[in-house]
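Okay, here's what each chain looks like letter by letter:
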Amino acid sequence: MKTRDLVHVALFAALVAALGLLPPLALPVIPVPITAQTLGVMLAGSTLGARKAALSLLLFHLLVAAGLPLLSGGHGGLAVYPGPTGGFFVGFVPAAFVIGWLTERAWHRLSVPLAFAINVLGGIGVIYAVGIPWLAASAGLPLPKAAWGSLLFLPGDCVKAAFAASAAVTLKRAWPLIQPPRAAEPPAPPP
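Let us look at the structure shown here. These numbers were taken from a predicted model, which means no experiment stands behind them. (Residues numbered from 1 in each chain as written. Predicted model: local features only at pLDDT ≥ 70, side-chain atom pairs only at ≥ 80, totals over all residues. Heavy atoms only, no water.)

This paragraph deals with the overall build of the chain. The secondary structure content of the chain amounts to eight helices and zero strands. Shown N-terminal to C-terminal, the secondary structure of the chain runs as helices and strands in the order α-α-α-α-α-α-α-α. Its C-alpha atoms give the chain a radius of gyration of 18 Å, within 12% of the compact-globule value 16 Å for 191 residues. For the chain, the spread of C-alpha atoms along the three principal axes comes to 70 × 35 × 35 Å. A total of 191 residues make up the chain; the buried ones form 45% of that total. Of the contacts made within the chain by residues no fewer than 6 positions apart, 74% connect residues no fewer than 24 positions apart. Of the side-chain charges in the chain, 11 are positive and 4 negative, and the distance between the mean point of each set is 4 Å. (Helix = DSSP H or I, 4+ residues; strand = E, 2+ residues; numbered from the N terminus. Rg over C-alpha atoms; globule rule 2.2 N^0.38 Å. Buried < 20%, exposed > 50% of the residue type's maximum accessible area, 1.4 Å probe, protein only. Contact = heavy atoms within 4.5 Å. Lys, Arg positive; Asp, Glu negative; His and termini not counted. Charge placed at Lys NZ, Arg CZ, Asp CG, Glu CD.)

Have a look at this one:
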């Protein structure tokens, strides 16, 4: 990995941490607040690609696990993981990877609507797929109640996905960080 790639990984880990400075919005239905940090996950995947995005969120996880209060509301340490928000947090890494992987595959035809769909699938779908069952188990909620309560996040997450999609397409034109996968070279003709 080049020095430039390491800088990008660290930069997006710092971006997710900076988004944690925005105060969380508590919901009365479930013990998980609305935060801006999922926007950072979507931006990392949409602009860095699968490998670097996953590494940036893994770095962020290591910093939080080490005790740094980088999560929204000033939370950090290993106690975050078994709590009701732990699953959503754990979903950051696979979500960034999925968004980046799908973005790499769609790079040549990437548009705002396609990037939005990728962010919804990876940034919302993956995070919810990990976070909702974790929330149900840790908070002692029935899975349907945890799922219905999590629907309150959907409008805000769609706004984040739209912002990340717009940023990804703009960065693709101005400062592309993703290298699309290379097409397989045809085999050499027999001698």
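The way to describe two aromatic rings as a pair is by their centre distance and the angle between their planes. For the structure on display, the rule yields five aromatic pairs. Ring centres of Phe60 and Phe89 lie 5.9 Å apart, and the angle between their planes is 80 degrees; this geometry places the pair in the edge-to-face category. Here Phe89 lies in helix H4 (residues 86-90) and Phe60 lies in helix H3 (residues 50-65), a separation of 29 residues in the sequence. In this structure Phe60 comes out as buried when scored by relative accessible area, which is 0%. Here the aromatic residues Phe60, Tyr81, Phe89 and Phe92 are joined through ring pairs into a cluster of three or more. Taking NZ or CZ as reference, Lys172 lies 5.6 Å from the ring centre of Trp107, over its face. (Phe/Tyr/Trp six-rings, centres within 6.5 Å; stacked < 30°, edge-to-face > 60°. Lys NZ or Arg CZ within 6 Å of the ring centre and 35° of its normal.)

On to a nonpolar patch on the surface, then. Among the surface-exposed residues, Met1, Leu6, Leu55, Leu58 and Leu62 lie close enough to one another that they form a single nonpolar patch of about 460 Å² accessible area. With three residues, the single largest contributor to the nonpolar patch is H3. In this fold, Met1 is placed in the segment before helix H1 (3-19). Classification of Met1 by relative accessible area gives partly exposed; the value is 45%. (Patch = residues over 30% accessible without salt bridge, like charges linked within 9 Å, V, L, I, M, F, W, Y side chains within 5 Å. Areas by Shrake-Rupley, 256 points an atom, 1.4 Å probe, with all protein chains shown as cover. Salt bridge = Lys/Arg side-chain N within 4 Å of Asp/Glu carboxyl O.)

Moving on, we come to helix H2 (residues 37-48). For H2, with twelve residues, the first-to-last C-alpha span of 16 Å sits near the 16 Å given by 1.5 Å per residue. With twelve of twelve residues buried, H2 lies mostly within the body of the structure. Residues of H2 that are buried include every one of Gln37, Thr38, Leu39, Gly40, Val41, Met42, Leu43, Ala44, Gly45, Ser46, Thr47 and Leu48, and no others. Where H2 is buried, its residues touch H1, H3, helix H5 (92-105), helix H6 (112-139) and helix H8 (154-174). Within two residues after H2, Gly49 carries a phi angle of roughly 90 degrees, on the positive side. (Expected span 1.5 Å × (residues − 1).)

Let us look at the pattern of salt bridges. Evaluated as defined, the whole model comprises three salt bridges. Between Lys160 and Asp157 there is a salt bridge, with the nearest N and O atoms lying 3.2 Å from each other. Here the residue Lys160 and the residue Asp157 both occupy positions in helix H8, the gap between them amounting to three residues, near one helical turn. For the pair Lys160 and Asp157, one class covers both residues: buried.

Let's shift gears to the packing of H6 against helix H7 (residues 143-150). Between H6 and H7, whose axes approach to 8 Å, the crossing angle comes to 130 degrees. Put simply, H6 runs oblique to H7. Judged by the sense of rotation from one axis to the other, the crossing of H6 with H7 is right-handed. Of the residues in H7, those in contact with Tyr128, Ile132, Pro133, Leu135 and Ala136 of H6 are Leu143, Ala146, Ala147 and Ser150. A per-class count over the contact of H6 with H7 returns eight nonpolar, one polar and no charged. (Axes fitted to C-alpha atoms, helices over the stretch in contact; angles between N-to-C directions. Parallel < 35°, antiparallel > 145°, perpendicular 65-115°, else oblique. Left-handed = near helix turned anticlockwise from the far one by under 90°. Nonpolar A, V, L, I, M, F, W, Y, C, P; charged D, E, K, R; others polar.)

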